[in-house]
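Geometric and topological summary
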Amino acid sequence: MLQVVQPNEPAYQLIVQKFGRDILLENGEINREKLGSIIFSSSEKRQLLNAITHPCIQKAMLKQIVKYFVLGYRYVILDIPLLFETNKLKRFMKHTVLVYCDPQSQLSRLMRRNGLSKAEAEARIHSQLSLDEKCQLADHVIDNSGDWENTRLQVLKLHVKLEESLDFLLLRLAAVATLTVIGGLVGFFLRQYFH
Ligand SMILES: CC(C)(COP(=O)(O)OP(=O)(O)OC[C@H]1O[C@@H](n2cnc3c(N)ncnc32)[C@H](O)[C@@H]1O)[C@@H](O)C(=O)NCCC(=O)NCCS
Ligand SMILES: Nc1ncnc2c1ncn2[C@@H]1O[C@H](COP(=O)(O)OP(=O)(O)OP(=O)(O)O)[C@@H](O)[C@H]1O
């Protein structure tokens, strides 16, 4: 959901208004490293950023869901870091999947990926529920503590399961029927009008 914090987006204006121009790069884009270091060391600031960005992120997600639904995709995956914490969107999800890894790997991978110190990485991890707590809340857990191949096999298994599911079949049929009727009516009136 990077696009909601791009210049010209409403969330961007509000972020600059609340956090100041110091968090901008020379080209006007948000300096993610700087904003990250502010919000991950203050829960108040984090809540402020969440209050600004979450409504825009939710709108953008909804648009994409409708798009892929109409295109006939069997399922869409929403990558939502704070799904269980905010507990707002969970009721709209048919399935929830948690990608788990053991706490030691989580810490060392985050330190390596973002070049963070142990304390900085721990602050980020503690700004969310622990993975063990999230495991209890998710419908499916992919254990990514092992190597990539091990994870890939688990993902493929889940993919097959989701592809086989008939979730939302009635809703899809109703949507197709409605579109067909609307298309038919439009065609009928256009023919009447041009004859
Ligand atoms: C805070 C920002 C600048 C940090 O950018 P950065 O490139 O360093 O990290 P990135 O966006 O890849 O996020 C890394 C991870 O941090 C965690 N995280 C991100 N935002 C938050 C948050 N508000 N609260 C808790 N954890 C968060 C998530 O696990 C996420 O996957 C960036 O996340 C941002 O612009 N956030 C605002 C939009 C937002 O709220 N996004 C996701 C939360 S739903
Ligand atoms: N199975 C694995 N083996 C080795 N390294 C891994 C494995 N899975 C992920 N990593 C590494 O761990 C880091 C974090 O992975 P990734 O960015 O995919 O996690 P994420 O859950 O999307 O993170 P975030 O929630 O912070 O956005 C990356 O540098 C990635 O290369």
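Rules behind the numbers
Residues numbered from 1 in each chain as written. Chains lettered and ligands numbered in written order. Predicted model: local features only at pLDDT ≥ 70, side-chain atom pairs only at ≥ 80, totals over all residues. Helix = DSSP H or I, 4+ residues; strand = E, 2+ residues; numbered from the N terminus. Rg over C-alpha atoms; globule rule 2.2 N^0.38 Å. Buried ≥ 20, exposed ≤ 12 C-beta atoms within 10 Å, placed from the backbone. Contact = placed C-beta atoms within 7 Å. Core = buried A, V, L, I, M, F, W, Y, C linked by C-beta atoms within 7 Å. Near = placed C-beta within 6 Å. Nonpolar A, V, L, I, M, F, W, Y, C, P; charged D, E, K, R; others polar. Domains from an automatic or database assignment.

In the nomenclature of an unreviewed UniProt entry, the protein chain is known as Dephospho-CoA kinase domain-containing protein isoform X2 of Geotrypetes seraphini.

When helices and strands are tallied, the protein chain shows nine helices and two strands. Listed N to C, the secondary structure of the protein chain is α-α-α-α-β-α-α-α-β-α-α in terms of helices and strands. Computed over its C-alpha atoms, the radius of gyration of the protein chain comes to 22 Å, more than 25% above the 16 Å expected for a compact globule of 195 residues. By its C-alpha atoms, the protein chain is 75 × 45 × 25 Å across when sized along the principal axes. In the protein chain, which comprises 195 residues, the proportion classed as buried is 6%. Relative to all contacts within the protein chain whose residues are 6 or more apart in sequence, the contacts with residues 24 or more apart total 55%.

A separate point is the nonpolar core. Note that soluble globular proteins tend to have their nonpolar side chains buried in a common cluster. Listed in full, the 10 residues of the largest apolar core are Val 4, Val 5, Ala 11, Tyr 12, Ile 15, Ile 30, Ile 39, Leu 49, Ile 52 and Ile 57. Of all the elements in the fold, those that place two or more residues in this core are helix H1 (10-19) and helix H3 (43-70). Ignoring any residue separated from it by four or fewer positions in sequence, one finds Ala 11 in contact with Val 4, Val 5, Ile 52, Thr 53 and Cys 56.

Around ligand 2 lies a shell formed by Pro 81, Val 99, Arg 109, Arg 113, Asn 144, Asp 147, Trp 148 and Thr 151. Taken together, the elements giving at least two residues each to the shell around ligand 2 come down to helix H5 (103-114) and helix H8 (148-164). Looking at the shell around ligand 2 residue by residue, the classes come out as three nonpolar, two polar and three charged.

Per the domain assignment, the segments making up the protein chain are domain 1 (1-73) and domain 2 (78-168). Facing five residues of domain 1, the contacting portion of domain 2 comprises five residues. Of the residues in the side of domain 1 that touches domain 2, the class split is two nonpolar, two polar and one charged.

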